[in-house]
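Residue strings, one per chain:
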Amino acid sequence: MSTPILAGRNLVREYATRNRRGPVFRAVDDVTLEVGASETLAVVGESGSGKSSTARLLARLDDPTSGVIELDGEDVTSAPPARLRTFRRTVQVVFQDPYSSLNPRHDVEKIITAPLRYQGLGVRGDGTRLCKELMERVGLNPDHSTRYPHQFSGGQAQRIGIARALAVGPKVVICDEAVSALDVSVQAQVIDLLRDLQRELGLSYVFIAHDLAVVRSLADRVAVMSGGRVVEQGSRDQVFDAPREEYTRALLAAVPRINPEWERRRREWTAREGQD
Ligand SMILES: Nc1ncnc2c1ncn2[C@@H]1O[C@H](COP(=O)(O)OP(=O)(O)OP(=O)(O)O)[C@@H](O)[C@H]1O
């Protein structure tokens, strides 16, 4: 890989424990990850292994206790606000739960064009056209730009989140469990969309997931996390076909564990499918 487009080096994130005088809890422990242009790096691991905390650091939504974040080789760890705004033009995030990450009081056009307003890129006049183009691009009916999040199914709402991420023309999209709570068939459709977008736009993805089946169809490289550390990192084929670590072998062999909260959402969102 030439200079990675986004990298985290020796990242550490400590949280204070409930007992403030007690020891700090190290959720991310010396993690180094790199993603190259048009590449997908999958970060996998069990619940609590530190994936989301790492994603938040890479997205500059949280500050590392120590370590460095680099964009195109430039250290942006303590970037001033103006630089951070440019960073957000290049690195966007799609979150796990589309409903809680989309403002329920805003219509789709306002949601999708929000990052442009944040960037001060001004969307007056052509905001509607841009929104409709993006909606079409992610497989949504552009006539629904005046609808609100609750009027969409889970899969459709996640497409809105993807359109919003694309609005500023990013190079990297961090997908934090972006398809985990979707029904399996909807999951496959959203993954197909992500793959098409990558091909067309040359996007890089950091794809956070606990579901290895999902990762296999998308990843170029895989990093396996456990207890806040990266325990194994390699090409998709190496990690899947010849895992070096016992932990990875166990993860590959594990029967997917049902998370009751995701199951509840999955049922609720599935009920909304085909609503429109
Ligand atoms: N703000 C916080 N304050 C204290 N502890 C936290 C905080 N955020 C995360 N943690 C802890 O850090 C550990 C790693 O959490 P993280 O969410 O990064 O893991 P994960 O692999 O993404 O798991 P999940 O898939 O369940 O979200 C967990 O033990 C979690 O309880």
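Since we're looking at a predicted model, the values are computed, not measured. (Residues numbered from 1 in each chain as written. Predicted model: local features only at pLDDT ≥ 70, side-chain atom pairs only at ≥ 80, totals over all residues.)

Comments concerning the sheet that holds strand β2 (residues 25–35)
Moving on, step 1. With antiparallel pairing, four strands are arranged side by side in an open sheet as β2-β1-β4-β5. Either end of the sheet is taken by a strand with one partner, and the two such strands are β2 and β5 (74–75).
Moving on, step 2. Looking at chain direction, strand β1 (residues 6–15) and strand β4 (residues 66–71) are connected through five bridges and run antiparallel. By the bridge assignment for β4, Leu-6 is matched with Leu-71.
Moving on, step 3. Against the sheet, helix α1 (residues 51–58) engages β1, β2 and β4, with an angle of about 125 degrees to β1. (Pairing = 2+ DSSP bridges. Helix = DSSP H or I, 4+ residues; strand = E, 2+ residues; numbered from the N terminus. Contact = placed C-beta atoms within 7 Å. Axes fitted to C-alpha atoms, helices over the stretch in contact; angles between N-to-C directions.)

Brief notes about the site of the ligand
Moving on, step 1. In the vicinity of the ligand, the contacting residues are Tyr-15, Phe-25, Ala-27, Gly-45, Ser-47, Gly-48, Ser-49, Gly-50, Lys-51, Ser-52, Ser-53 and His-210.
Moving on, step 2. Of all elements in the fold, only β2 and α1 reach the threshold of two or more residues within the shell around the ligand.
Moving on, step 3. At three residues, the largest contribution of residues to the shell around the ligand is made by α1.
Moving on, step 4. Across the shell around the ligand, the residue classes break down as three nonpolar, eight polar and one charged. (Near = placed C-beta within 6 Å. Nonpolar A, V, L, I, M, F, W, Y, C, P; charged D, E, K, R; others polar.)

Remarks on the pairing of strand β7 (residues 172–176)
Moving on, step 1. Summarising burial for β7: five of the five residues are buried, a large majority.
Moving on, step 2. Where burial is concerned, the two faces of β7 agree: the one with Val-172, Ile-174 and Asp-176 and the one with Val-173 and Cys-175 are both buried.
Moving on, step 3. Pairing between strand β6 (residues 91–94) and β7: four bridges, direction parallel. Counted as the bridge partner of Gln-92 is Val-173 from β7.
Moving on, step 4. Note: β7 against strand β8 (residues 204–209), five bridges, orientation parallel. Within β8, the position partnered with Asp-176 by the bridge is Ile-208. (Buried ≥ 20, exposed ≤ 12 C-beta atoms within 10 Å, placed from the backbone.)

Some details on the environment of Ala-167
Moving on, step 1. Position of Ala-167 relative to the elements: it lies in the loop between α6 (154–166) and β7.
Moving on, step 2. For the pair Ala-167 and Arg-89, spaced 78 residues apart in the sequence, the C-alpha separation amounts to 9.1 Å.

Examining the nonpolar core
Moving on, step 1. Residues Ile-174, Val-206 and Phe-207 are the most contacted members of the largest nonpolar core, which totals 67 residues.
Moving on, step 2. With six residues, α6 is the single largest residue contributor to this core.
Moving on, step 3. Setting aside its immediate chain neighbours within four residues, Ile-174 contacts Ala-55, Leu-58, Ala-59, Val-91, Val-93 and Val-206. (Core = buried A, V, L, I, M, F, W, Y, C linked by C-beta atoms within 7 Å.)

Here we look at the environment of Val-35
Moving on, step 1. Its location among the elements puts Val-35 in strand β2.
Moving on, step 2. A residue is classified by how many C-beta atoms lie within 10 Å of it, and Val-35, with 26 of them, is buried.
Moving on, step 3. A sequence separation of 215 residues divides Val-35 from Ala-250, and the C-alpha atoms of the two residues are 25 Å apart.

Quick word on the packing of helix α4 (residues 108–118) against α6
Moving on, step 1. Here α4 crosses α6 at 35 degrees, and the two axes come no closer than 6 Å. Remark: the crossing between α4 and α6 carries right-handed chirality. In this structure, α4 uses Val-108, Ile-111, Ile-112, Ala-114 and Pro-115 to contact α6, whose residues at the interface are Ile-160, Ala-163 and Arg-164.
Moving on, step 2. Split by residue class, the contact of α4 with α6 holds seven nonpolar, no polar and one charged. (Left-handed = near helix turned anticlockwise from the far one by under 90°.)

Brief notes about the pairing of strand β10 (residues 229–235)
Moving on, step 1. One ladder, built from six bridges, connects strand β9 (residues 221–226) with β10; its direction is antiparallel. Residue pairing in the sheet places Ala-223 in a bridge with Gln-233 of β10.
Moving on, step 2. What sits between β9 and β10 in their antiparallel hairpin is a turn of two residues, with Gly-227 showing a positive phi close to 55 degrees.

Side note on the sheet that holds β10
Moving on, step 1. Here we have six strands laid out as an open sheet, ordered β6-β7-β8-β3-β9-β10, and mixed in their pairing. Each of the sheet's edge strands pairs with one partner strand only, and the pair in question is β6 and β10. Neighbour to neighbour, the strand axes of the sheet diverge by 15 degrees on average, direction disregarded.
Moving on, step 2. Inspection of the sheet shows strand β3 (residues 40–44) paired to β9 by four bridges, in the parallel sense. The partner of Ala-42 across the bridge, within β9, is Val-222.
Moving on, step 3. α1 contacts β3, β7, β8 and β9 of the sheet and is inclined by roughly 155 degrees relative to β8.
Moving on, step 4. Helix α10 (residues 246–253) contacts β3, β9 and β10 of the sheet and is inclined by roughly 100 degrees relative to β9.

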